[in-house]
Amino acid sequence: MNRCKWAKDDPLMIDYHDHEWGRIIRENELLFEALSLEVFQAGLSWRTVLHKRERFRIQFHSFNIEKVASMTPVDVDRLLNDATIIRHRRKIEATIVNAEILCNLLEEENSFYEWIQKLPKEKEAACKALSKLFKHVGPTTAESFFMAIGYFKPVHDTDCFLHQKGSMVY
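Residues numbered from 1 in each chain as written. Predicted model: local features only at pLDDT ≥ 70, side-chain atom pairs only at ≥ 80, totals over all residues. Heavy atoms only, no water.

What to know about unusual backbone geometry
The backbone of His-61 shows a phi angle near 50°, a positive value even though the residue is not glycine. A positive phi angle, near 55°, is found at Ser-62, a position not held by glycine. Note on placement: Ser-62 falls in the loop between helix H3 (46–59) and helix H4 (65–69). Residue class for Ser-62 comes out exposed when judged on its relative accessible area of 53%. (Helix = DSSP H or I, 4+ residues; strand = E, 2+ residues; numbered from the N terminus. Buried < 20%, exposed > 50% of the residue type's maximum accessible area, 1.4 Å probe, protein only.)

Things to note about the environment of Lys-128
Within the fold, Lys-128 resides in helix H8 (residues 123–133). In this structure, the C-alpha to C-alpha distance between Lys-128 and Pro-139, residues 11 residues apart in sequence, is 6.5 Å.

Digging into the pattern of salt bridges
Counted according to the given criterion, the structure contains 12 salt bridges. Notably, a salt bridge pairs Arg-89 with Asp-77, separated by 3.5 Å at the nearest N-O pair. With Arg-89 in helix H6 (residues 89–108) and Asp-77 in helix H5 (residues 73–80), this pair connects stretches of sequence that are 12 residues apart. The exposure class assigned to Arg-89 is partly exposed, which follows from its relative accessible area of 40%. On the basis of relative accessibility, which here comes to 39%, the residue Asp-77 falls in the partly exposed class. Each of Glu-33, Glu-54 and Arg-57 takes part in a single network of salt bridges with overlapping partners. (Salt bridge = Lys/Arg side-chain N within 4 Å of Asp/Glu carboxyl O.)

Re the side chain of His-17
When you line up the elements, His-17 lands in helix H1 (residues 11–19). Taking relative accessible area as the criterion, His-17 reaches 0% and is therefore assigned buried. The residues touching His-17, leaving out its near neighbours within four places in the chain, are Arg-3, Cys-4, Trp-6, Ala-7, Arg-23, His-156, Cys-160, Phe-161 and Leu-162. (Contact = heavy atoms within 4.5 Å.)

Regarding the packing of aromatic side chains
This model, assessed by the stated rule, comprises 16 aromatic pairs. Consider the rings of Trp-6 and Trp-21, whose centres lie 5.2 Å apart with planes at 90°: the pair is edge-to-face. Of this pair, Trp-6 sits in the segment before H1 while Trp-21 sits in the loop between H1 and helix H2 (28–41); the two residues are 15 residues apart in sequence, bridging distant segments of the chain. A ring pair is formed by Phe-56 and Phe-60, whose centres lie 6.2 Å apart and whose planes are at 25°; its orientation type is stacked. Of the two residues, Phe-56 and Phe-60, both sit in the buried class. Site record: aromatic cluster; members linked through ring pairs are Phe-112, Trp-115, Phe-134, Phe-145, Phe-146, Tyr-151 and Phe-152. Over the ring of Phe-152 we find Lys-123; its NZ or CZ atom is 5.4 Å from the centre of that ring. (Phe/Tyr/Trp six-rings, centres within 6.5 Å; stacked < 30°, edge-to-face > 60°. Lys NZ or Arg CZ within 6 Å of the ring centre and 35° of its normal.)

Structural notes on the nonpolar core
Grouped together as the largest cluster of nonpolar side chains are 55 residues, with contacts concentrated most on Ile-116, Phe-145 and Phe-146. Setting aside its immediate chain neighbours within four residues, Ile-116 contacts Leu-31, Phe-145, Phe-146, Ile-149 and Tyr-151. (Core = buried A, V, L, I, M, F, W, Y, C linked by side-chain atoms within 4.5 Å.)

Shape descriptors only; they carry no functional weight alone.
Here you go:
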């Protein structure tokens, strides 16, 4: 079976490609996890992040938004000493700040998913809106996030078995 070149020969990447990437996510914690992992991925390979995802889940309380929002500078220092995750101060701090932002957003909105659904359907405008609200989220990170969660159709290689199906496979 042909799939995107970036997923070949790595069981975690193959599973992510085949069963997660581009599928619609509606749950707040899963959307927050996707956003956070995209922040950590900036400048690195997705493979690196994916292989550390389980440790990220442990260290960031399964991406429980309120628990992450309550993390302190002591937690940041602890995470900076944990070689099992990506140790980047600005990315760690951005994840905590983004949880705080999301807590505030959820006081006004029913869900992160519903907020996303209100964004413009035009790619550049949606990416700009996301980048404006969240920390350490530039246009590339925003676009990657939107593709990962199925908001934008993911770009599969033309010979990939999911090429024609895009995000419409559930």
